[in-house]
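If you want the building blocks of each chain, they are given just below.
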Amino acid sequence: MADYVITTDSNSDVPEEFLKENQIPVIPQYYMFGDTVYGDELKMEPKEFYETMRKGELPKSMANNPEVIRETFEAILKEGKDIYHIAFSSALSGSCGNVQIAARDLMEKYPGRRILVFDSLNASLGEGVSVFRAVQLKKEGKTLDELDAVLREERECINVIFTVDDLHHLQRGGRVSKTTAVVGSVINIKPLLTVTAEGELKSDGTVRGRKKALKTLVQRMEQSLDTEKFGKDRMVAIVHGDCLKEAEEVAHYVREMGFEKVVINDVSPSIGTHAGPGVVGLIFYGKKVG
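Numbering of residues starts from 1 in every chain and runs along the sequence as written. Predicted model: local features are reported for residues with pLDDT of at least 70 only, side-chain atom pairs are reported and counted for 80 or more only, and whole-chain, interface and lining totals are derived from all residues. To get the side-chain values, all heavy atoms of the structure are used, and hydrogens and water are removed first.

1. Points about helix α2 (residues 46-54)
The criterion, for reference: Residue exposure (1.4 Å probe, protein chains only): buried if accessible area is under 20% of the type maximum, exposed if over 50%, otherwise partly exposed. Helix and strand definitions here come from DSSP, where helices need a minimum of 4 consecutive H or I residues and strands a minimum of 2 consecutive E residues; each element is numbered from the N-terminal end. Working note: the arc is built from the helix axis to C-beta atom directions.
Of the residues making up α2, those classed as buried are Pro46, Phe49, Tyr50, Thr52 and Met53. Looking straight down α2, one finds that the buried residues subtend no more than 155° of arc, so they occupy a single side. Gly56 occupies a position one or two residues after α2 and carries a positive phi of about 105°.

2. Focus on the packing of helix α5 (residues 125-139) against helix α6 (residues 144-154)
Just so we agree on the cut-off: Only C-alpha atoms enter the line fits that serve as axes; for helices the fit covers just the stretch in contact. Angles between N-to-C directions range over 0 to 180 degrees. Take the far helix as your reference; a near helix turned counterclockwise from it by less than a right angle gives a left-handed crossing, and one turned clockwise gives a right-handed crossing. We call two residues in contact whenever any of their non-hydrogen atoms come within 4.5 Å of each other. Ten residues, namely Ala, Val, Leu, Ile, Met, Phe, Trp, Tyr, Cys and Pro, are considered nonpolar, four, namely Asp, Glu, Lys and Arg, are considered charged, and the remaining ones, Gly among them, are considered polar.
It is at 10 Å that the axes of α5 and α6 come closest, and there the two elements cross at 145°. Along this stretch, α5 crosses α6, giving a crossing that reads as right-handed. Counted together, Ser130, Arg133, Ala134, Leu137 and Lys138 of α5 and Leu147, Val150, Leu151 and Glu154 of α6 form the full contact between these two elements. Here the residues of the contact of α5 with α6 are counted per class, giving five nonpolar, one polar and three charged.

3. Looking at the pairing of strand β7 (residues 115-119)
Here is the rule we go by: Two strands are said to pair when DSSP picks up at least two bridges between them. When the strands point away from the viewer and the path from the first strand over the helix to the second turns clockwise, the crossover is right-handed.
The element β7 is extensively covered by neighbouring structure, given that five of its five residues are classed as buried. Neither face of β7 is left uncovered, since the one carrying Ile115, Val117 and Asp119 and the one carrying Leu116 and Phe118 both have all their residues buried. Relative to β7, strand β6 (residues 82-87) runs parallel, the two being bridged by five bridges. When the bridges of β7 are listed, His85 appears paired with Val117. Between the parallel pair β6 and β7, the chain is carried across by helix α4 (residues 95-109), and the sense of this crossover is right-handed.

4. Considerations on the pattern of salt bridges
Which entries qualify depends on this criterion: The term salt bridge refers to a pairing of a side-chain nitrogen on Lys or Arg with a carboxyl oxygen on Asp or Glu at a separation within 4 Å.
A complete count under the given rule lists 19 salt bridges for this structure. Close ionic contact of Arg54 with Asp242 constitutes a salt bridge, the shortest N to O distance being 2.7 Å. In this pair, Arg54 is assigned in helix α2 and Asp242 in the loop between β11 (236-240) and α10 (244-256), connecting sequence segments 188 residues apart. One connected set of salt bridges, linked through shared partners, spans Lys47, Glu51, Arg54 and Asp242.

5. Quick word on the nonpolar core
The line we're drawing: Throughout this description, the term nonpolar core refers to a set of buried Ala, Val, Leu, Ile, Met, Phe, Trp, Tyr and Cys residues connected via side-chain atoms within 4.5 Å.
Residues Tyr84, Ile86, Leu147, Leu151 and Ile283 are the most contacted members of the largest nonpolar core, which totals 48 residues. With seven residues, the single largest contributor to this core is α5. Residues contacting Leu151, with those up to four places away along its chain left out, are Tyr84, Ile86, Phe118, Ser130, Arg133, Ala134 and Leu137. Counting residues in each nonpolar core, the second largest holds 22 residues, with Ile161, Leu217, Val218 and Leu225 among its members.

If you want it as structure tokens, here you go:
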């Protein structure tokens, strides 16, 4: 049985220290300000990225680079190892499709090797929690197929709920209408959104005011837990767009519920392009999502 390497993309928002510690290669996702492309050698720190957005510059996101995918995977295959790739939702980008094409081509070139592409049907740490889980399962001695079976079984139990601070970024991405963005901003309406089982974004209501929005994230989590299937030893993840203090506030409520494994990280620029500064998301294992 061949050894295998877990890989992912930069949209998974897994903390850099964890990636390095577990030697996880990352396929970059790209974004642009003007004519300048970022994401590979040239990167912006999240704080700088969100500050640039606050000043009115609007970025664009881009898919991954097929050539970079091939180079990353081929280096692993040449070592005689297989690959398990955890990908950004196919419902939100063509990036997963690019990886699947590269995987098929490379398996023809290296007939003795295997590449399994797991469509997370999620984004940011909603995708990233599957990376954490995969590393755990591999350390437990699970084979490539055993690991894949667990992640596919648990995929629709990864709950993601988030709120944004500025509706205009969602409007730019076609998630809400211009009228909704304008009116909602005037009366301080904060939307709640979730990721569906199909990997798409869905509105989950609105609340008035930022403080209430953050508390509602935790309330929705309490309503969606499945304590018979998932214990409180499971990881909970919180992501934010340059609003660490508010993310830590949400983490405080989560820890009060008895969860100890809480990971907080920035929303990467390629995702933050659509959510904007001030986004806060809560990710946890619970009831199957709709």
